[in-house]
Amino acid sequence: MKWEGNRESDNVEDVRGSGGGGGGFGFGGRSVGIGTIVIALVGGWIFGINPMTLLNIMSGGGGAVPVQQQQGQAPGVPANDRGSKFVRVVLADTEDVWTKLFSEQGGTYQKPALQLYSGRTQTACGAGQAATGPFYCPADRKVYLDMSFFQLMQERFKVEGEFAQAYVIAHEIGHHVQHAMGLTDKVDEARQRGTEKQANAMSVRLELQADCFAGVWAFHANQSRAILEQGDVDAALKAATAIGDDALQRQSQGHVVPDSFTHGSSEQRARWFKRGLDDGKVASCDTFGARQL
């Protein structure tokens, strides 16, 4: 991915090293089952909400599952290390794309903040911890990212490449776009009124749309700044495939339960990302109007 030298966003809060380690979630635990935990942990950037809130809901309101300590990054992390510069450039790129697209429709894009943290942090949606992965909090309109998640992508899901990492960030920004459009509140209301199966189905549509929005960003960023290099799209599609509900369930519990899907199958996630990437049209991302996902 070509990104070096591009504009950097001023909306990144780098608080890495400001807090120590803390109790977190791991891929173990028995009270809610490993399948639920794997989905919840990765669900930070899949589901777009604080995964600990999701995990608490899944476990019937119970508390967190205590496991190994998550160590925070050492104090004194350079403000301009390559990783943070990459995040600032990607965030700036999403700002440019969505500002333009909102303006074309007569709207104003309110830029979200992105906080880089290590170990754990406090958010308007509750406590955020490294093991939960990136997530978007609509209450404070902020994306939270511990970059150790990118290492997890490589080690657990065998996904490498900076464009795959950019896809993760763009997916979270996609949830901010949904919130700005008023879609998040409508979906939350619909989920509360429906059955668990209906709520899951609504969540799937929300997640696939965020994937598609990530593709829309990539289309316009590449058109304006030629960011894509050979292999980049394949890496992002591999990332989308690796965290499909069916792939996660098969890995964690050995079988697939489609009615419990909350963010879509591997095939669906990759296909909706590709749909946004192919034409760059927000209208192409209407998962809620689609008869078949």
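Residues numbered from 1 in each chain as written. Predicted model: local features only at pLDDT ≥ 70, side-chain atom pairs only at ≥ 80, totals over all residues. Heavy atoms only, no water.

- Per an unreviewed UniProt entry, the protein chain goes by the name Neutral zinc metallopeptidase and belongs to Massilia antarctica.
- Note on the protein chain: under the UniProt heading Subcellular location (unreviewed entry), the record states "Membrane". (UniProt positions renumbered as here; feature names shortened; annotations may be inferred.)

## Looking at the sheet that holds strand E1 (residues 12-14)
Piece 1. In spatial order, the strands read E1-E4-E8-E7; together these 4 strands make up an open sheet with mixed pairing. Looking along the sheet, the strands with just one partner apiece sit at the ends: E1 and strand E7 (135-137). Each strand axis lies, on average, 25° off the axis of its neighbour in the sheet, ignoring direction.
Piece 2. Strands in contact with helix H5 (residues 162-180) are strand E4 (113-116), E7 and strand E8 (142-145); relative to E7, the strand with the most contacts, it is inclined by about 25°. (Pairing = 2+ DSSP bridges. Helix = DSSP H or I, 4+ residues; strand = E, 2+ residues; numbered from the N terminus. Axes fitted to C-alpha atoms, helices over the stretch in contact; angles between N-to-C directions. Contact = heavy atoms within 4.5 Å.)

## So, the packing of helix H3 (residues 82-104) against H5
Piece 1. Their axes nearest at 10 Å, the elements H3 and H5 cross at an angle of 40°. Taken as axis vectors, H3 and H5 run oblique relative to one another. As for the relative orientation of H3 and H5, their crossing is right-handed in sense. Residue-level inspection shows Arg82, Phe86, Val87, Val90, Leu91, Thr94, Trp98 and Phe102 of H3 in contact with H5, the latter providing Glu162, Gln165, Ala166, Ile169, Ile173, Val177 and Ala180.
Piece 2. Taken together, the residues of the contact of H3 with H5 break down into 11 nonpolar, 2 polar and 2 charged. (Parallel < 35°, antiparallel > 145°, perpendicular 65-115°, else oblique. Left-handed = near helix turned anticlockwise from the far one by under 90°. Nonpolar A, V, L, I, M, F, W, Y, C, P; charged D, E, K, R; others polar.)

## Thoughts on the nonpolar core
Piece 1. If you look at the biggest cluster of nonpolar residues, it comprises 58 residues, and the most contacted ones within it are Met1, Val87, Trp98, Leu114, Phe163, Ile169 and Trp217.
Piece 2. Taken together, the elements giving at least two residues each to this core come down to H3, E4, E8, helix H4 (148-157), H5, helix H7 (196-225), helix H8 (232-242) and helix H10 (266-279).
Piece 3. Every residue in contact with Val87, bar those within four places of it in the chain, is listed here: Val12, Leu114, Leu116, Leu145, Met147 and Ile169. (Core = buried A, V, L, I, M, F, W, Y, C linked by side-chain atoms within 4.5 Å. Buried < 20%, exposed > 50% of the residue type's maximum accessible area, 1.4 Å probe, protein only.)

## Here we look at the pattern of salt bridges
Piece 1. All chains considered together, the criterion is met by 15 salt bridges.
Piece 2. Ionic pairing is found between Arg7 and Asp96, a salt bridge with its closest N-O pair at 2.9 Å. On the criterion of sequence distance, the pair formed by Arg7 in the segment before E1 and Asp96 in helix H3 is long-range, its members being 89 residues apart.
Piece 3. Residue Arg7 is classed as partly exposed on the basis of its relative accessible area of 40%. (Salt bridge = Lys/Arg side-chain N within 4 Å of Asp/Glu carboxyl O.)

## Some words on the side chain of Glu95
Piece 1. Along the chain, Glu95 turns up in helix H3.
Piece 2. According to the relative accessible area criterion, Glu95 is buried, its value standing at 1%.
Piece 3. In this structure, Glu95 is in contact with Arg7, Ser9, Asn11, Tyr109 and Lys111, ignoring residues within four places of it in sequence.

## Comments concerning the state of the cysteines
Disulfide: a covalent bond connecting the sulfur atoms of a pair of cysteines.
Piece 1. Here the structure, examined in full by the defined rule, presents 2 disulfides.
Piece 2. A sulfur-sulfur distance of 2.0 Å marks the disulfide that ties Cys125 to Cys137. Around the S-S axis, the bridge from Cys125 to Cys137 shows a dihedral of about 90° and counts as right-handed. Here Cys125, found in the loop between strand E5 (120-123) and strand E6 (126-129), pairs with Cys137, found in strand E7; they are 12 residues apart in sequence, far enough to count as distant.
Piece 3. Here Cys212 connects covalently by a disulfide to Cys285, the sulfurs 2.0 Å from one another. Disulfide Cys212-Cys285: torsion about the S-S bond near -75°, hence left-handed. One end of the pair, Cys212, is in helix H7; the other, Cys285, is in the segment after H10, and 73 residues separate them in sequence.
Piece 4. Here Cys285 falls in the buried class, since its relative accessible area comes to 1%. (Disulfide = S-S within 2.5 Å.)

## Here we look at the packing of H4 against H5
Piece 1. The geometry of H4 relative to H5 is characterised by a closest axis approach of 11 Å and an angle of 125° between their N-to-C directions. Taken together, H4 and H5 sit at an angle that is classed as oblique. In this structure, H4 crosses over H5, and the sense of that crossing is right-handed. In this structure, H4 uses Phe149, Phe150, Met153 and Gln154 to contact H5, whose residues at the interface are Ala164, Gln165, Val168 and Ile169.
Piece 2. In terms of residue class, the contact of H4 with H5 is made up of 6 nonpolar, 2 polar and no charged.

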